[in-house]
Amino acid sequence: MSSPSRRFDAIVEREKGLQRRLSTGQLSMIAIGGAIGTGLFLGSGSAIHLAGPAVLLSYAIGALIALLLMGCLAEMTAVHPTSGSFGAWAEFYVGPLAGFLVRYAYWSSIVLAVGTEVTAIAVYMKYWYPHVPGWLWILAFSAVLIAINAVNVRLFGSVEYCFSMLKIAAILAFIALGAWIVCTRIGFGNYTSSGGFLPNGAWGMWVAVLVSIFSYFGIEMIAVAAGEARDPHLAVTRAFRATMFRLAFFYLLTLALIVALAPWTDANTGQSPFVKVMAGTHVPGAAGVVNFVILIAALSAMNSQLYITARMMFSLSRAGHAPIRFGEVNARGVPLAALLLSTVGIAIAAVLSILYPDAAFMLMLSIAMFGAMFTWLMIFITHLLFRRRHEGEALPFRMWGYPWTSLAGAGLMIATLVTTFFTREFRTTLLCGVPFLLVLAGVFRVRYRHAPVSQGAVSEAVS
């Protein structure tokens, strides 16, 4: 009997056509670019409002889940580097329906996540231009990023690398300035001054974990991008380790400083807590500089998300689960039709910013979360079956603690999904997500359940 890796080659074969031009450094920056964005710079305000200073525990729990997920992804990506990634793995190890659901749930979630980023961009631009309608900024910045993604993957990787380097430099500067102010002027009294460390109790801390998961959402992009890496096996293992350390460091340390610099009761969803804190320091120009940096962060995350949505739709098409034209690449190796389809989240964000300018961000966030959380849950489940099929084999990278770490990750994701139903802010997550999943399952059963696994005949035509 042939090994699972050998039989997986049929899926890899049908997804050929993309160009392997991403370096190890660019791969790491894509993951950082996707994960350090609106979730940290704007969404953290909502998390602080829910949990108070205990938001540090919320993000630590989110970091633990992300660490477990990264281990599973690293192990499976080292064996199967392909742009279909966890969608293709779910198809092969769990079943065709699972692959269909994971790909579409993830694609829709990222499409909506693009909407959250571009909605946040409109919020940031209000700092300088309060009277300019947000939808104008949405259209202008979106056009630029779509053009960058349409050229080729090398340009995308270079732009994302620069964006992410700027973000990292800015966060390090914020940490240095914030630490100096806390140590010399303020101290840590804000940790307990307004109702204690757990002002909203353990429940408020746990609900804030939902926001933290969305903040970390994007780290899985590295598995998708591995399909276009020059040396995927080496690049993936190095990039996973570097990415997880940087994310945990940046998130936890910056939030610790934000909570120390200002009372948690000042947190709100209408402005980034980073800008609010810097304005409170009265350092000349600090708030404006920080607002510019988080604008770049949102553009960076949006840039990564447009890239990922196009590749996931490309994978769906090559699997026979979307029209053939979305699986075609142009002369520069870009799935242009898939990219243009994946901009639908921008249109939704523009409409919501007009209809509900103050609530658009949280509404987009709560709806987008289901696909992300379902995908993470399925990654843990897929890893359990992956390891069972590869029992006794020497793997390039091995996740420690199997099966308990994978089971713990799956259990935590189920708990967070259930929690959304009992919270006012995130009730729409399940109310919209579960019916969407049932509709997808119905579509698969009626139209695709007899489709062949490999669509080798799909054309790699140049559009």
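Computed from a predicted structure; not experimentally measured.

Cut-offs applied
Residues numbered from 1 in each chain as written. Predicted model: local features only at pLDDT ≥ 70, side-chain atom pairs only at ≥ 80, totals over all residues. Heavy atoms only, no water. Helix = DSSP H or I, 4+ residues; strand = E, 2+ residues; numbered from the N terminus. Buried < 20%, exposed > 50% of the residue type's maximum accessible area, 1.4 Å probe, protein only. Contact = heavy atoms within 4.5 Å. Areas by Shrake-Rupley, 256 points an atom, 1.4 Å probe, with all protein chains shown as cover. Salt bridge = Lys/Arg side-chain N within 4 Å of Asp/Glu carboxyl O. pLDDT = per-residue confidence, 0-100. Expected span 1.5 Å × (residues − 1).

A. Up close: the overall build of the chain. Scanning the chain from terminus to terminus reveals 20 helices and zero strands. Put simply, the chain has 463 residues, and 61% of those count as buried. Taking the contacts inside the chain whose residues are at least 6 apart along the sequence as the reference set, 85% of them involve residues at least 24 apart. Accessible surface, the chain as shown: approximately 16,900 Å² in total, 68% of it carbon and sulfur.

B. Spotlight on the pattern of salt bridges. With the rule as written, the count across this model stands at two salt bridges. In this structure, arginine 387 engages glutamate 75 in a salt bridge whose closest nitrogen and oxygen atoms are separated by 2.7 Å. Residue arginine 387 is located in helix H18 (residues 360-389), and its partner glutamate 75 is located in helix H6 (residues 55-79); the two are separated by 312 residues in the primary sequence. Judged by its relative accessible area of 0%, glutamate 75 is buried. Taking the shortest distance from any N to any O, the salt bridge between glutamate 91 and arginine 103 comes out at 2.9 Å. Taken as a pair, glutamate 91 in helix H7 (residues 85-93) and arginine 103 in helix H8 (residues 96-125) lie far apart in primary sequence, twelve residues in all. Arginine 103 gets classed as buried once you look at its relative accessible area, which sits at 0%.

C. Structural detail: the confidence of the model for the chain. On average, residues of the chain carry a pLDDT of 80, and 81% of them reach 70 or more. Within the chain, helix H1 (residues 4-7) has the poorest average pLDDT of any element, 60, and helix H19 (residues 404-421) the best, 95. Across residues 452-463, where pLDDT falls below 50, the model places 27 contacts with residues more than four positions away in sequence or in other chains.

D. Helix H10 (residues 153-186), seen in detail. Helix length check: H10 (34 residues) gives 46 Å between terminal C-alpha atoms against 50 Å at 1.5 Å per residue, within 8%. The positive-phi residue at the C-terminal boundary of H10 is glycine 187, with phi of around 80°.

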